[in-house]
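The chain contents come next:
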Amino acid sequence: MRIVLLGPPGAGKGTQAKILAKKLNVPHISTGEILRQNVLNSTDLGNKAKRYMNMGSLVPDTLVTEMLEKRLEFPDTKCGFILDGYPRNQSQAKTLDNILKSRNIDIDMSVYLDASEAVIIQRLSGRLVCKSCGANFHVKNMPPKVSMVCDNCSSSLYQRPDDNATTIKRRLQVYQDEVASLMKYYEGQCKLYRVSSDEEPEIVLEKIIEIAQKVDGSLKV
Ligand code: AMP
């Protein structure tokens, strides 16, 4: 299945995408995560993207789209993917459709994860991310077994530089500016589903799977 997860920063897209990807046996593609790896490795793309990310602004479409197009060429995307963080605006949604159309495929569904501002701030301000595998933890909600060490790969955890109060505000604003037209786009294709993500991840996951099974009656999870 090809699923797009939409929602503001902190809505739980990354958490849901990771579990869903495992369950459906398709890759989790997070444009934010690919960009962060590029920044950490000081690649040309990372150096270009860094200042936008640190400001909480969107990285220019051309850079992100080229990066995504390359990722979608990997053979592991043949049976589907979970997209997290792309598209961010209507123009990216159209570009994505065109990329997929050229391969005679399409997005099956988009899920908008809706979270309240209080929950978003609480989640983002305590979030910890693994430098190596990108796994997410939370100082209170999901602490690692050993302080600042990833449970999965033992690499060190860090707080994202854009998870600070000022940048969070800016990221939420940027998201709000674009989300209405993005949702309208998927609504127009009858592919938009809304799920409240204030609840525990397991409950949110159940709701997403229920929708996915309605969309694809043959889906086995
Ligand atoms: P995320 O991990 O999805 O919260 O993304 C972190 C940051 O990466 C964003 O604030 C943007 O600066 C950048 N980014 C991620 N995905 C995109 C995208 N599709 N378009 C533009 N910028 C992006």
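For the structure given in this document, a descriptive report is provided here. No experiment lies behind these values; they were computed from the predicted model shown. (Residues numbered from 1 in each chain as written. Predicted model: local features only at pLDDT ≥ 70, side-chain atom pairs only at ≥ 80, totals over all residues. Heavy atoms only, no water.)

1. So, the overall build of the protein chain
So, point 1. Helices and strands together make up the secondary structure of the protein chain, namely eight helices and eight strands.
So, point 2. For the protein chain, the spread of C-alpha atoms along the three principal axes comes to 45 × 35 × 35 Å.
So, point 3. Expressed as a percentage of its 221 residues, the buried residues of the protein chain come to 48%.
So, point 4. Total accessible area on the protein chain is roughly 11200 Å²; 51% of this is exposed by carbon and sulfur atoms. (Helix = DSSP H or I, 4+ residues; strand = E, 2+ residues; numbered from the N terminus. Buried < 20%, exposed > 50% of the residue type's maximum accessible area, 1.4 Å probe, protein only. Areas by Shrake-Rupley, 256 points an atom, 1.4 Å probe, with all protein chains shown as cover.)

2. Things to note about the layout of surface pockets
So, point 1. Each pocket or cavity is described by its volume, and for the second largest pocket that value is around 580 Å³.
So, point 2. Of all the secondary structure elements, the ones that give two or more residues to the lining of the second largest pocket are α1 (13-24), β2 (28-30), α2 (31-40) and β6 (136-138).
So, point 3. When residues in the lining of the second largest pocket are grouped by element, the largest group, five residues, is from α1.
So, point 4. Per-class residue counts for the lining of the second largest pocket are six nonpolar, nine polar and three charged. (1 Å grid on protein atoms, 1.4 Å probe; cavity = no way out; pocket = protein on both sides within 12 Å on 5 of 7 lines; lining within 4 Å. Points joined across faces, edges and corners; volume = space filled by probe spheres on them. Nonpolar A, V, L, I, M, F, W, Y, C, P; charged D, E, K, R; others polar.)

3. A word on the site of the ligand
So, point 1. Residues in contact with the ligand amount to 16 residues; listed here are only the nearest, T31, R36, S57, G85 and Q92.
So, point 2. Here a nitrogen atom of the ligand and a side-chain polar atom of T31 are 2.8 Å apart.
So, point 3. Here a nitrogen atom of the ligand sits 3.0 Å away from a polar atom, N or O, in the main chain of V59.
So, point 4. For the ligand, the accessible surface in isolation is 480 Å², of which the surrounding protein chains cover 96%.
So, point 5. Here the shell around the ligand gets four residues from one element, more than from any other, and that element is α2.
So, point 6. Classifying every residue of the shell around the ligand by side-chain character gives six nonpolar, five polar and five charged. (Near = heavy atom within 4 Å. Polar contact = N/O pair within 3.5 Å; in protein donor to acceptor, adjacent residues only side chain to side chain.)

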